[in-house]
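In case you want the letters, here they are:
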Amino acid sequence: MSSKILIVEDEPMISEDLAMIVSAAGYSVIGQAYDGATAMDMIYNRHPDIILLDISLDHQMSGIDIAEQINEKFQLPFIFITSFSDKLTLEKAKNVLPQGYIVKPFRKSDILTTLEIVAFRSQEQNKKTPYLTYDEVNLKLSDPITIKEYEILLDVVEGLSNEQISEKHFIALNTVKTHLKRTFVKMNIISRTQVALKLFRG
């Protein structure tokens, strides 16, 4: 199954060029966003596997801002595409941990080589973990869990007690209990022993 690619680029001609390159290589382009708000909507609703992300977008939300949201809520791989290669831009980019960084004007081979590496890493990572990712869990739910709730569920699967989870995340014990109670309702489970069954990849 080919990876689903979301293109976030505010220059229509470049966006179309990227879409043609990616589609011709067998990837599925599930959307082309020209601004931050549209990009976030497509990430929420179309569930891409990899995002090609321009750093310089509109003034309200830059590519760096979108990357921070991706890391916090979705844990999806993204590749920066930018006209800027100065030290300041590189430092900002490094802080949000992109899986690739391509400088314009790019070559077709730059895009395809980076995409192939990122797609392979993502597939291998999914093979290594026996549990569904945060995004995969939410695909099955009408009321999505938060990233913190997901992290706590993984801790439950690892056998941590509420007290240990509280210490690990530097949150109050009652907050842990609230997260679990809320998550159990969303996932329609009634005990800690059912958590692994819901998260298990299989």
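Note that the coordinates shown come from a computational prediction; the quantities given were computed from them, not determined experimentally.

Chemist: Just to check I follow, could you spell out the packing of aromatic side chains for this structure?
Modeler: Aromatic ring pairs are reported here in terms of the distance separating the ring centres and the angle at which the planes meet. Overall, the coordinates contain three aromatic pairs when judged by the stated rule. Ring centres of Phe78 and Phe80 lie 5.3 Å apart, and the angle between their planes is 65°; on these two criteria the pair is classed as edge-to-face. You can call Phe80 buried: its relative accessible area is 0%. On the basis of an interplanar angle of 70° and a centroid distance of 5.8 Å, the ring pair of Tyr134 and Tyr150 is categorised as edge-to-face. Taken as a pair, Tyr134 in helix α6 (residues 134–139) and Tyr150 in helix α7 (residues 147–157) lie far apart in primary sequence, 16 residues in all. The exposure classification of Tyr134 matches that of Tyr150, with both residues buried.

Chemist: Explain the side chain of Asp155 to me, please; I cannot follow it from the model alone.
Modeler: Mapped onto the elements of the fold, Asp155 is located in helix α7. A residue is classified by how much of its surface remains accessible, and Asp155, at 4% relative accessible area, is buried. Apart from the residues lying within four places of it in its own chain, the contact partners of Asp155 are Leu160, Ile165, Lys168 and His169.

Chemist: How should I be thinking about the side chain of Ser166 in this particular structure?
Modeler: Examined against the element boundaries, Ser166 turns out to sit in helix α8 (residues 162–169). There is a polar contact of 2.4 Å between the side chain of Ser166 and the backbone oxygen of Ile171. Once residues within four sequence positions are removed from consideration, Ser166 is found in contact with Ile171, Ala172, Leu173 and Val176.

What counts, and at which threshold
Residue numbers run consecutively from 1 along every chain, following the written order of its sequence. Thresholds applied to this predicted model are a pLDDT of at least 70 for local features of residues and 80 or more for the giving and counting of side-chain atom pairs; totals over whole chains, interfaces and linings are not thresholded and use all residues. To get the side-chain values, take all heavy atoms of the structure and skip hydrogens and water. Two aromatic rings, drawn from Phe, Tyr or Trp (for Trp, its six-membered ring), form a pair once their centres lie within 6.5 Å of each other, and the interplanar angle then sorts them: stacked below 30 degrees, edge-to-face above 60, tilted otherwise. Burial classes: relative accessible area under 20% of the type maximum marks a residue as buried, over 50% as exposed, and values in between as partly exposed (1.4 Å probe, protein chains only). Helix and strand assignments come from DSSP, with helices taken as H or I runs of at least 4 residues and strands as E runs of at least 2, each series counted from the N terminus. Between two residues, a contact is recorded if the distance between any of their heavy atoms is within 4.5 Å. Definition of a polar contact: a pair of N or O atoms within 3.5 Å, with one able to donate and the other able to accept a hydrogen when the atoms are protein atoms, and with sequence-neighbouring residues admitted only if both atoms are side-chain atoms.

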